[in-house]
Amino acid sequence: MKVLVPVKRVIDYNVKIRVKPDQTGVETQNVKMAMNPFCEIAVEEAIRMREAGVASEVVIFSAGTTQSQETIRTGLAMGGDRGILVESDTPLEPLAVAKLLKAVVEREGPEIVLLGKQAIDGDNNQTGQMLAALLGWSQGTFASKVEKADGSLKVTREVDGGLETLDLKLPAVVSVDLRLNEPRYASLPNIMKAKKKPIETLTPADLGVDVAPRVQVLKVVEPPAREAGVKVASVAELVDKLKNEAKVI
Ligand code: AMP
């Protein structure tokens, strides 16, 4: 069983984001980039499936600029078998990524697409759901546990009231949440080995997908600066401030 893992290159989560002075977006020049943290969890889960003999091959996919190849290499160093890069200089919206993924799924024939629940740059949380809809596949979002059963996949999801367990008919799209696993660090020998693993490079045109943006960003601005907090001496003072200053009770 083949598992396809889409991974996105984003600004490293440790970096303090700066908005560009012209308000067209955030600064990405000379900024440390890394694999989206939820995608790392998806790669880890796919590799564990292969190690457990459940999956036969883990294919790492990324769509974006040439540099996204580095993100694929990170996935290969963690243990992925090979990579597919769809190169595009156009900023890709979730629908465009989902269409590219659909075309790759049709070429590759994986039984599971395991992806992050959301990319920490756009916070869209849409790609997996759109892909499942385009393919007409089962979907399990925000997975905190994934177990393979006969012809199906048991997915435990984190929902508001607690945990929900779904039995998904395969093939399926599964998006992963934070508590699913703790991703491994790639060892130096594995980083070296990953340099020799194959990465196929395609363009959206090769896959017959129009990636032209549908949404126009009008402007990006910093959130308002938060005012400094104050320490209160007693519960009575806190209640008084909540009542008379913040007026929330
Ligand atoms: P989003 O819907 O943008 O929040 O992204 C959810 C997940 O879709 C990510 O965690 C990735 O697994 C996948 N994804 C989104 N954009 C890309 C991309 N450009 N290349 C590869 N995977 C992506």
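Analysis parameters
Residues numbered from 1 in each chain as written. Predicted model: local features only at pLDDT ≥ 70, side-chain atom pairs only at ≥ 80, totals over all residues. Heavy atoms only, no water. Axes fitted to C-alpha atoms, helices over the stretch in contact; angles between N-to-C directions. Helix = DSSP H or I, 4+ residues; strand = E, 2+ residues; numbered from the N terminus. Parallel < 35°, antiparallel > 145°, perpendicular 65-115°, else oblique. Left-handed = near helix turned anticlockwise from the far one by under 90°. Contact = heavy atoms within 4.5 Å. Nonpolar A, V, L, I, M, F, W, Y, C, P; charged D, E, K, R; others polar. 1 Å grid on protein atoms, 1.4 Å probe; cavity = no way out; pocket = protein on both sides within 12 Å on 5 of 7 lines; lining within 4 Å. Points joined across faces, edges and corners; volume = space filled by probe spheres on them. Core = buried A, V, L, I, M, F, W, Y, C linked by side-chain atoms within 4.5 Å. Buried < 20%, exposed > 50% of the residue type's maximum accessible area, 1.4 Å probe, protein only.

A. Spatial organisation of the packing of helix α3 (residues 94-108) against helix α4 (residues 127-135). Following both chains from N to C, one finds α3 and α4 inclined at 50°, their axes separated by 8 Å at the closest point. Comparing the axis directions of α3 and α4 gives the class oblique. Of the two elements, α3 crosses α4, and the hand of that crossing is right-handed. Counting all contacts with α3, which are made through Pro94, Leu95, Val97, Ala98, Lys99, Leu101, Lys102 and Val105, the residues of α4 involved are Thr127, Met130, Leu131, Leu134 and Leu135. Looking at side-chain class alone, the contact of α3 with α4 contains 10 nonpolar, one polar and two charged residues.

B. Local environment of empty space enclosed by the protein. By the definition in use, this model includes one cavity of 30 Å³ or more. Here the largest cavity is characterised by a volume of approximately 50 Å³. Taken together, Glu93, Leu95, Ala96, Lys99, Asp210, Val211, Ala212, Pro213 and Arg214 form the lining of the largest cavity. Here the residues of the lining of the largest cavity sort into five nonpolar, no polar and four charged.

C. Up close: the nonpolar core. Counting 35 residues, the largest nonpolar core has Val3, Val5 and Leu153 as the members making the most contacts within it. At the level of secondary structure, the elements contributing two or more residues to this core comprise β1 (2-6), α1 (37-51), β4 (57-64), α2 (68-78), β6 (112-116), β7 (138-149), β8 (152-159) and β10 (172-176). Setting aside anything within four residues of it in sequence, one finds Leu153 in contact with Met49, Ile112, Val146, Glu147, Lys148, Leu166, Asp167, Leu168, Leu170 and Val174. Counting residues in each nonpolar core, the second largest holds 26 residues, with Phe61, Ala96, Leu135 and Val173 among its members.

D. Quick peek at the layout of surface pockets. In this structure, the second largest pocket encloses a volume near 600 Å³. Taken together, 22 residues make up the lining of the second largest pocket; nearest its centre are Tyr13, Glu40, Pro183, Arg184 and Tyr185. Considering every element that reaches the lining of the second largest pocket, the biggest residue donor is α2, with five residues. Of the residues contributing to the lining of the second largest pocket, the split by class is 13 nonpolar, three polar and six charged.

E. Layout of unusual backbone geometry. With an omega of 0°, the peptide bond between Leu170 and Pro171 qualifies as cis. With respect to the secondary-structure elements, Pro171 resides in the loop between β9 (162-169) and β10. Not every positive phi belongs to a glycine, and Asp123 is a case in point at roughly 50°. Examined against the element boundaries, Asp123 turns out to sit in the loop between β6 and α4. On the basis of relative accessibility, which here comes to 46%, the residue Asp123 falls in the partly exposed class.

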